[in-house]
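# An overview of the molecular structure
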Amino acid sequence: MTVKKNDIHNITITDIGDHGEGIGKADGYTLFVKNTLPGEEVKTLVVKANKSYGYGKALEIIKPSPHRIVPPCSAAGRCGGCTLQHLEYQEQLKLKQNKVKQDLIRIGGFESACVPPVIGMDEPWHYRNKAQYPVSRSKSTIDIGFYSLGSHNITVCDNCLIGSRANKKILDAIKSFMERNNVSAYNEETGKGLVRHILIREGRFTGEIMVCLVVNSNSFKYKKELISSLDNIKNIRSIVINHNTLRSNVIMGDKCETIWGSDYITDSIGDLKFKISALSFFQVNPAQTYKLYSKALEFADLKGNETVIDAYCGIGSISLFLARQAKKVYGVEIIEAAVENAKENAKLNNIDNAEFYTGKAEDVVPLLYNEKGVTPNVMVVDPPRKGCDKSLLELMLRMEPQKIVYVSCDSATLSRDLKILCSNGNYNLDKVQPVDMFPMTYHVETVCLLTKQNINVLAD
Ligand code: SAH
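What comes next concerns the included structure.

Calculation rules
Residues numbered from 1 in each chain as written. Predicted model: local features only at pLDDT ≥ 70, side-chain atom pairs only at ≥ 80, totals over all residues. Heavy atoms only, no water. Helix = DSSP H or I, 4+ residues; strand = E, 2+ residues; numbered from the N terminus. Rg over C-alpha atoms; globule rule 2.2 N^0.38 Å. Buried < 20%, exposed > 50% of the residue type's maximum accessible area, 1.4 Å probe, protein only. Pairing = 2+ DSSP bridges. Axes fitted to C-alpha atoms, helices over the stretch in contact; angles between N-to-C directions. Contact = heavy atoms within 4.5 Å. Left-handed = near helix turned anticlockwise from the far one by under 90°. Nonpolar A, V, L, I, M, F, W, Y, C, P; charged D, E, K, R; others polar.

### Focus: the overall build of the chain
Helices and strands together make up the secondary structure of the chain, namely 9 helices and 21 strands. Taken against the 2.2 N^0.38 rule, which gives 23 Å for 460 residues, the C-alpha radius of gyration of the chain at 24 Å falls within 12% of a compact globule. Across its three principal axes, the chain shows a C-alpha extent of roughly 80 × 60 × 35 Å. Scored against the burial criterion, the 460 residues of the chain give a buried share of 54%.

### Describing the sheet that holds strand β17 (residues 354-358)
If you walk across this open sheet you meet the 7 strands as β17-β16-β15-β18-β19-β21-β20, and the pairing is mixed. The sheet is open, and its two edges are formed by β17 and β20 (427-435), each paired on a single side. In this sheet, adjacent strand axes meet at a mean angle of 15° when their direction is disregarded. In this sheet, strand β16 (residues 328-333) lies alongside strand β15 (residues 307-311) in parallel orientation, the contact comprising 5 bridges. Considered in β16, the bridge of Thr307 is made with Lys328.

### A closer look at the sheet that holds strand β6 (residues 130-138)
Taken in spatial order, the 7 strands make up an open sheet running β8-β7-β6-β9-β10-β11-β12, and their pairing is mixed. The two strands at the open ends of the sheet, each matched to only one other strand, are β8 (154-156) and β12 (255-261). Going across the sheet, the axis of each strand differs from the next one's by a mean of 35°, ignoring polarity. Bridge count between strand β9 (residues 195-202) and strand β10 (residues 209-215): 7 bridges; the pairing is antiparallel. Residue pairing in the sheet places Ile198 in a bridge with Leu213 of β10. Strands in contact with helix α2 (residues 167-180) are β6, β7 (141-147), β9 and β10; relative to β9, the strand with the most contacts, it is inclined by about 150°.

### So, the packing of helix α8 (residues 390-399) against helix α9 (residues 411-422)
Look at α8 against α9: their axes get within 10 Å of each other, and the N-to-C directions meet at 30°. Of the two possible hands of crossing, α8 and α9 adopt the one that is right-handed. Each of Lys390, Leu393, Met396 and Leu397 in α8 lies in contact with α9, whose residues at this interface are Asp417, Ile420 and Leu421. For the contact of α8 with α9, the per-class residue count stands at 5 nonpolar, no polar and 2 charged.

Here's what the structure looks like:
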């Protein structure tokens with residue numbers, strides 16, 4: 001029997017996909033079904049049927065999981081942000097622990113990998129320090145919210161439970177500013193209209209807030225009105241207009257104009273301070289980032305005389321975290337602006353033993369090794385989802401650092417890369433620690449320690 005669009009099947013969910021959606025089979029045919037959980041029996045309408053797999057909509061949860069809960073956010077299930085809000089938090093952590101373990105076994109071949117419980121949050125709400133709200137206008141109202149999963153339809157949501165508590169007041173103020181002044185919202189289809197996105201950033205530890213309006217124009221004539229509409233909101237330190245006239249999905253344009261206050265806000269991770277401007281990258285959950293970096297530091301076990309290479313270093317946060325305990329840290333990052341930030345952050349924190357280089361890790365690290373004679377005792381990598389370039393892995397095997405600390409946001413590519421590093425007894429996977437940086441989503445960050453195997457053939 002072939003499964004077709006508009007069929008209805010009762011299926012059992014057996015697994016969970018990368019976007020937190022349940023996976024089950026109808027007559028051997030794989031269906032992805034949003035808002036369902038492993039163990040559940042679900043009456044499913046097939047909404048799209050590709051050749052080897054399809055997408056279903058849950059019409060009824062016939063047998064719910066004992067861990068299913070009513071999501072506290074009214075937008076949950078429609079909003080593309082939180083895909084696991086309907087699952088108890090402790091179970092989310094178990095699911096993520098299992099994902100890392102299964103990937104290490106299935107992809108990495110680490111049959112006996114010991115994956116401890118995920119380091120979670122005591123209070124897994126309101127953790128994000130950054131929110132980007134698309135804005136649009138439907139007939140009579142201005143809609144502000146988030147994109148629905150897999151589309152650019154806006155799910156209205158101005159009180160996001162994983163965002164800052166300060167956001168709602170700011171969104172209300174901007175909405176009434178737009179209404180009062182007849183300011184148009186951007187329409188993706190026509191490319192017309194002014195306000196595209198509202199970006200709000202908040203220093204978690206400092207409380208400082210930046211409000212940035214992304215507009216589809218090279219000018220903005222409502223500066224005074226916008227500033228006065230935000231007048232009585234506490235802790236705003238910076239109001240910025242970002243100009244983006246491109247007809248693309250990219251949220252931010254290159255040009256920023258500070259119309260009130262400072263160009264940046266500050267925040268900290270542990271005792272390191274960071275300057276954050278509208279365009280800079282900064283970890284969205286600094287409390288958990290601190291736990292992650294602390295594990296990376298613990299795994300690196302620095303004594304003070306080590307040379308460290310931190311590849312894929314972003315704005316240098318891991319590099320700076322390690323620099324205080326090492327002799328020298330070399331950070332390598334592909335985005336020039338991030339490297340500039342890294343250098344500024346080093347200065348801001350009076351760290352003078354960290355050097356930063358722009359370029360692909362797979363191009364720059366060989367230069368450091370071959371031409372500058374840098375031989376790292378500890379190598380840290382924190383690549384994007386696609387993992388490390390193969391040539392970088394091969395170079396790591398040649399450079400033979402005593403320790404490799406691998407920080408990963410994708411346990412599948414992590415497992416693939418660890419398999420290469422641990423083949424032929426080169427490195428041993430000593431420790432694995434997942435950390436929950438994104439509660440209510442299926443993302444999990446993992447830090448691993450690999451140690452060089454000193455095989456002494458003469459020893460018994
Ligand atoms: N370690 C940082 C950032 C990790 S995110 C932190 O903890 O904040 C991964 C980073 O790798 C991004 O900054 C991205 O710009 C960078 N990147 C992507 N491909 C790269 C490559 N081939 N070489 C170097 N950096 C790269």
